[in-house]
Amino acid sequence: MAEYHHHDHVHLDHAPISDHGHEPRAEYRVLERAVRELLIEKGVVTAEDWRRQIELMDSRNPSMGARVIARAWVDPAFKQRLLADAKKAADELGIDTANAPRVMALENTPTRHHLVTCTLCSCYPKAILGIPPAWYKSEAYRARAVKDPRGVLKEFGTELPDNVEVRVMDSTADLRYLVVPLRPAGTDGMTEEQLADLVTRDSMIGVTAARNPTSVS
Ligand code: FE
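Residues numbered from 1 in each chain as written. Predicted model: local features only at pLDDT ≥ 70, side-chain atom pairs only at ≥ 80, totals over all residues. Heavy atoms only, no water.

Draft legend 1. Local environment of the nonpolar core. Counting residues in hydrophobic clusters, the biggest one holds 47 residues, and the most contacted among them are Leu82, Val116, Tyr136 and Tyr141. In terms of residues, this core owes the most to one element, helix H3 (residues 62-74), which gives seven residues. (Core = buried A, V, L, I, M, F, W, Y, C linked by side-chain atoms within 4.5 Å. Buried < 20%, exposed > 50% of the residue type's maximum accessible area, 1.4 Å probe, protein only. Helix = DSSP H or I, 4+ residues; strand = E, 2+ residues; numbered from the N terminus.)

Take a look at the structure:
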């Protein structure tokens, strides 16, 4: 999308979707260790910084995003703030987004559905959703999300009526996307916490809808 799509991480060749979940190739593991040890040796970062960053990243997960979405479903004023500035809105719920790239929230409507990818690598709103799933980084997903979004959606069990426009959003290092799924029908009496249980990671990437209340045990 943006011409200046530059990246804050090393680009790897990713295995096809059927092959995901494998360990990184040996040469990349060696490269990672060499760069890390050099940065520590040169005093650019400390081993403690490194460890703390990994711990912080591991502590983030999709339940944070689910809280944001549930709040937006019950509080129209919050939803407007979320659509205006997603990082600031997440901050209101105690989600630390200070050092994260910009995040834009995209609201699904009965006639418009958003599907998020990163065609060049794996840019993702990590501050709000944590680490992306392996399939998100796969070459198969990144290529097919753009060429055949409805086919990809179908693979995730999502069939949209023909009158729903599908917008594929290509993330960049500077701008990440968070989908605000449609609030499912039959959820009028539910609490914010119960609603958050319906918001899955995949629905915030846009490959599925939010869960139906009847499908929740
Ligand atoms: Fe990327």
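Draft legend 2. Just the confidence of the model for the protein chain, in detail. In the predicted model, the protein chain carries a mean pLDDT of 89, and 88% of its residues have values of at least 70. Throughout residues 1-6 the model reports pLDDT below 50, and contacts reaching past four residues in sequence, or to other chains, amount to eleven contacts. Low pLDDT, under 50, characterises residues 8-19; the predicted model gives this stretch 23 contacts beyond four residues in sequence or across chains. (pLDDT = per-residue confidence, 0-100. Contact = heavy atoms within 4.5 Å.)

Draft legend 3. Up close: the pairing of strand E2 (residues 112-117). Burial of E2 is extensive: five of the six residues sit out of reach of the surface. Two strands pair when backbone bridges link them, and E2 and strand E3 (residues 165-170) are joined in this way by six bridges, in the parallel orientation. Note on E3: the bridge partner recorded for His113 is Val166. (Pairing = 2+ DSSP bridges.)

Draft legend 4. Structural detail: the coordination of the iron ion. Protein coordination at the iron ion comes from Cys118 (SG), Cys121 (SG) and Cys123 (SG), with a distance range of 2.0 to 2.4 Å. Along the chain, the residues that donate to the iron ion are spaced as C-x2-C-x1-C. In terms of burial, Cys121 and Cys123 fall into one category: buried. (Donors = N, O, S within 2.8 Å, 3.2 Å for Na, K, Ca; no water.)

Draft legend 5. Layout of the packing of aromatic side chains. In total, this model carries five aromatic pairs according to the counting rule given. Pairing Tyr124 with Tyr136 gives two aromatic rings, centres 5.0 Å apart and planes at 65°, and the pair type is edge-to-face. Of this pair, Tyr124 sits in the loop between E2 and helix H6 (126-129) while Tyr136 is found in helix H7 (residues 134-137), placing the two residues twelve residues apart along the sequence. Relative accessible area serves as the criterion here: at 0%, Tyr136 is assigned to the buried category. Here the aromatic residues Tyr124, Trp135, Tyr136, Tyr141 and Phe156 are joined through ring pairs into a cluster of three or more. Here the basic side chain of Arg71 rests over the ring of Phe78, its NZ or CZ set 5.9 Å away from the ring centre. (Phe/Tyr/Trp six-rings, centres within 6.5 Å; stacked < 30°, edge-to-face > 60°. Lys NZ or Arg CZ within 6 Å of the ring centre and 35° of its normal.)

Draft legend 6. Seen up close, the pairing of strand E4 (residues 175-180). For E4, the tally of buried residues reaches six of six residues, placing the bulk of the element in the interior. Burial along E4 is two-sided: the face carrying Leu175, Tyr177 and Val179 and the face carrying Arg176, Leu178 and Val180 are both buried. In the sheet, strand E1 (residues 102-107) pairs with E4 via six bridges, with the strands oriented parallel. Within E4, the residue paired with Ala105 across the bridge is Leu178.

Draft legend 7. Spotlight on the side chain of Thr158. Relative to the helices and strands, Thr158 is located in the loop between helix H9 (149-155) and E3. For Thr158, a relative accessible area of 9% gives the class buried. With sequence-adjacent residues up to four places away left out, Thr158 is seen in contact with Leu153, Val207, Thr208 and Ala209.

Draft legend 8. Molecular detail of the environment of Thr97. Mapped onto the elements of the fold, Thr97 is located in the loop between helix H5 (86-92) and E1. You can call Thr97 buried: its relative accessible area is 2%. Separated by 31 residues in sequence, Thr97 and Ile128 have C-alpha atoms that sit 7.5 Å apart.

Draft legend 9. Main features of the pattern of salt bridges. Considering all chains together, one arrives at eleven salt bridges under this definition. A salt bridge links Glu48 to Arg51; the shortest N-O distance between them is 2.8 Å. Within this pair, Glu48 and its partner Arg51 are both found in helix H2 (residues 47-59), separated by three residues, close to a single helical turn. With relative accessibility at 36%, the residue Glu48 sits in the partly exposed group. (Salt bridge = Lys/Arg side-chain N within 4 Å of Asp/Glu carboxyl O.)

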